[in-house]
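# Architecture at a glance
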Amino acid sequence: NGKVSEGLRSSLVQLIIQILIAQKTFLEDQTQIEALHELRVALRRLRSMLEFSKKLIPEEQYQWYQAELRKIGQSLGQLRDLDVAYEHYKQCCEVLANEDKASLGQLLTRCRLSEAKNLHKALQNGLASPLLLDLWAALLDGSMEKFSDHDLTMEEYAIKGLTGWIKAINKQGRSIDWGNTQTVHKVRLQIKKIKYVTQLLQPVLGEKPQFVFRLETLQDKLGLLTDYESTNTFLTNLVRKNAAKALHRESGMVIGWHSRNKLLIENKMDKYWGRFYRLTQKWE
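The structure reproduced in this document is the subject of the present report. Since the model is a prediction, treat every value here as computed from it, not as a measurement.

Okay, the overall build of the chain next. A tally of helices and strands in the chain yields 11 helices and 0 strands. For a compact globule of 284 residues, the expected C-alpha radius of gyration is about 19 Å, and the chain comes in at 21 Å, within 12% of that figure. Seen through its C-alpha atoms, the chain measures out along the principal axes to roughly 65 × 45 × 30 Å. Across the 284 residues of the chain, 45% fall into the buried class. Here the chain has roughly 14700 Å² of accessible surface; of this, 51% comes from carbon and sulfur atoms. Charge-centre separation for the chain: the mean point of 42 positive side chains lies 4 Å from the mean point of 33 negative side chains.

Below, the structure written as structure tokens:
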């Protein structure tokens, strides 16, 4: 269907442009945490939509693009871990009214400045732009594999694809151990993928605010569970070789605070998941 192919290609090109804009913002001021966040989200949106549109590109070529985009995302991960750790550290200090809270904060700040400098250099040297422009050109290449679903409208294609993803995540959600970080992380990635594509296809899907709201709530809770665990590991590794008592005390304070919050969220996850599951029945 020409309209389906054209719609998907147009969406992907717009997402590539969004990443290039977000990259420019980060390069202009890498001290802004939000600039890195926008760059990561834009990259996630592109990867999600590319998977949803994979019939546009030959399989081998598609797999290569996804692998390269994944590498870019991983390159942003260290700086993101530092930002999350510092944000959680500040929140913990506010909650516990910690008076001696300089050591860990200073260490995280120094590490972030160094990592931001490294990422800035990598992006300037072509970490992302050449690949994004190559993908842009590939999407506009008329000689590529033809789209196969000739009998579907854009709305039908969108509903068909999202329904398949939703059925898969619902099946997985029947037996989730919310204390298993690896499983929770995989579920979170699937939820984010569904949310991004649903938002991008909103014009053809119609208004589904409650569904998107449930996706956002679920993503938020799953994100906290995985962030708590990953930040605990990050802080443990960060202070392992440092003998300063204040660093170990403050990192232990954050890790303990995380453990408490993690248990509170885990106890409510079945409720959050149940609300989402009931809403998805309309899709099935």
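Now for the pattern of salt bridges. Counted by the stated rule, this structure contains 10 salt bridges. R80 is paired through a salt bridge with D227; the nearest N and O atoms lie 2.7 Å apart. Separated by 147 residues along the polypeptide, R80 in helix 3 (residues 59–96) and D227 in helix 9 (residues 209–239) bring together distant segments of the chain. By the burial criterion, R80 is buried, and D227 matches it. A salt bridge links K262 to E266, with the nearest nitrogen and oxygen atoms 2.6 Å apart. Of the two residues, K262 and E266 are both situated in helix 10 (residues 245–266); the distance of 4 residues between them amounts to about one turn of the helix. No difference in accessibility class separates K262 from E266, as the two residues are buried. It is possible to trace a salt-bridge network through shared partners that takes in R80, D81, R188 and D227.

One recurring pattern in soluble globular proteins is that nonpolar side chains are buried together. If you look at the biggest cluster of nonpolar residues, it comprises 65 residues, and the most contacted ones within it are L46, F52, I191 and W273. Setting aside residues up to four positions removed in sequence, L46 forms contacts with L12, L15, I16, I19, L69, L132 and L135. Core analysis: the next-biggest nonpolar cluster, separate from the first, contains 15 residues, L82, Y89, F234 and L247 among them.

Before going further, it helps to examine the side chain of D83. Secondary-structure assignment places D83 in helix 3. A polar side-chain atom of D83 sits 2.4 Å from a polar atom in the side chain of R112. Non-local contacts of D83, meaning those with residues more than four positions away in its chain, are made with I33, L36 and R112.

Turning our attention to the packing of helix 2 (residues 33–52) against helix 7 (residues 181–200). Between two packed helices, both the angle of their axes relative to each other and the distance between the axes serve to describe the pair. Two numbers describe how helix 2 lies on helix 7: the axes approach to 9 Å, and their chain directions differ by 85°. Taken together, the axis directions place helix 2 and helix 7 in an arrangement best described as roughly perpendicular. Along its contact with helix 2, which presents V41, R44, R45, S48, M49, E51 and F52, the element helix 7 presents L189, K192, K193, Y196, V197 and L200. Its residues assigned to classes, the contact of helix 2 with helix 7 comprises 7 nonpolar, 1 polar and 5 charged.

What follows covers the packing of helix 6 (residues 154–173) against helix 11 (residues 269–280). Contact geometry for helix 6 and helix 11: axes closest at 11 Å, N-to-C directions at 145°. Where helix 6 crosses over helix 11, the two elements pack in a sense that is left-handed. Residues I166, I169, N170 and G173 of helix 6 form the contact with helix 11, whose own contacting residues are W273, F276, Y277 and T280.

Since the α-helix turns once every 3.6 residues, residues separated by three or four places project in the same direction. Between its first and last C-alpha atoms helix 11 spans 16 Å; for 12 residues at 1.5 Å apiece the expected length is 16 Å, and the two agree. Taken as a whole, helix 11 has its buried residues at M269, Y272, W273, G274, F276, L279 and T280.

Let's shift gears to the state of the cysteines. Tallied over the entire structure, the rule returns 0 disulfides. Here C92 stays free of any disulfide, with the sulfur of C93 as its closest cysteine sulfur at 5.8 Å. A relative accessible area of 0% means that C92 is categorised as buried.

Moving on: the packing of aromatic side chains. The relative placement of two aromatic rings is captured by the distance of their centres and the angle of their planes. A complete count under the given rule lists 7 aromatic pairs for this structure. With a centroid separation of 5.9 Å and an interplanar angle of 55°, the aromatic rings of W178 and W273 are classed as tilted. Of this pair, W178 sits in the loop between helix 6 and helix 7 while W273 sits in helix 11, and the two are 95 residues apart along the sequence. Residue W178 shares its accessibility class with W273, and that shared class is buried. Through a chain of ring-to-ring contacts, the aromatic side chains of W178, F211, W273 and F276 assemble into a single cluster.

Rules used in this analysis
Residues numbered from 1 in each chain as written. Predicted model: local features only at pLDDT ≥ 70, side-chain atom pairs only at ≥ 80, totals over all residues. Heavy atoms only, no water. Helix = DSSP H or I, 4+ residues; strand = E, 2+ residues; numbered from the N terminus. Rg over C-alpha atoms; globule rule 2.2 N^0.38 Å. Buried < 20%, exposed > 50% of the residue type's maximum accessible area, 1.4 Å probe, protein only. Areas by Shrake-Rupley, 256 points an atom, 1.4 Å probe, with all protein chains shown as cover. Lys, Arg positive; Asp, Glu negative; His and termini not counted. Charge placed at Lys NZ, Arg CZ, Asp CG, Glu CD. Salt bridge = Lys/Arg side-chain N within 4 Å of Asp/Glu carboxyl O. Core = buried A, V, L, I, M, F, W, Y, C linked by side-chain atoms within 4.5 Å. Contact = heavy atoms within 4.5 Å. Polar contact = N/O pair within 3.5 Å; in protein donor to acceptor, adjacent residues only side chain to side chain. Axes fitted to C-alpha atoms, helices over the stretch in contact; angles between N-to-C directions. Parallel < 35°, antiparallel > 145°, perpendicular 65-115°, else oblique. Nonpolar A, V, L, I, M, F, W, Y, C, P; charged D, E, K, R; others polar. Left-handed = near helix turned anticlockwise from the far one by under 90°. Expected span 1.5 Å × (residues − 1). Disulfide = S-S within 2.5 Å. Phe/Tyr/Trp six-rings, centres within 6.5 Å; stacked < 30°, edge-to-face > 60°.

Don't take any of this as a statement about function, it's just geometry.
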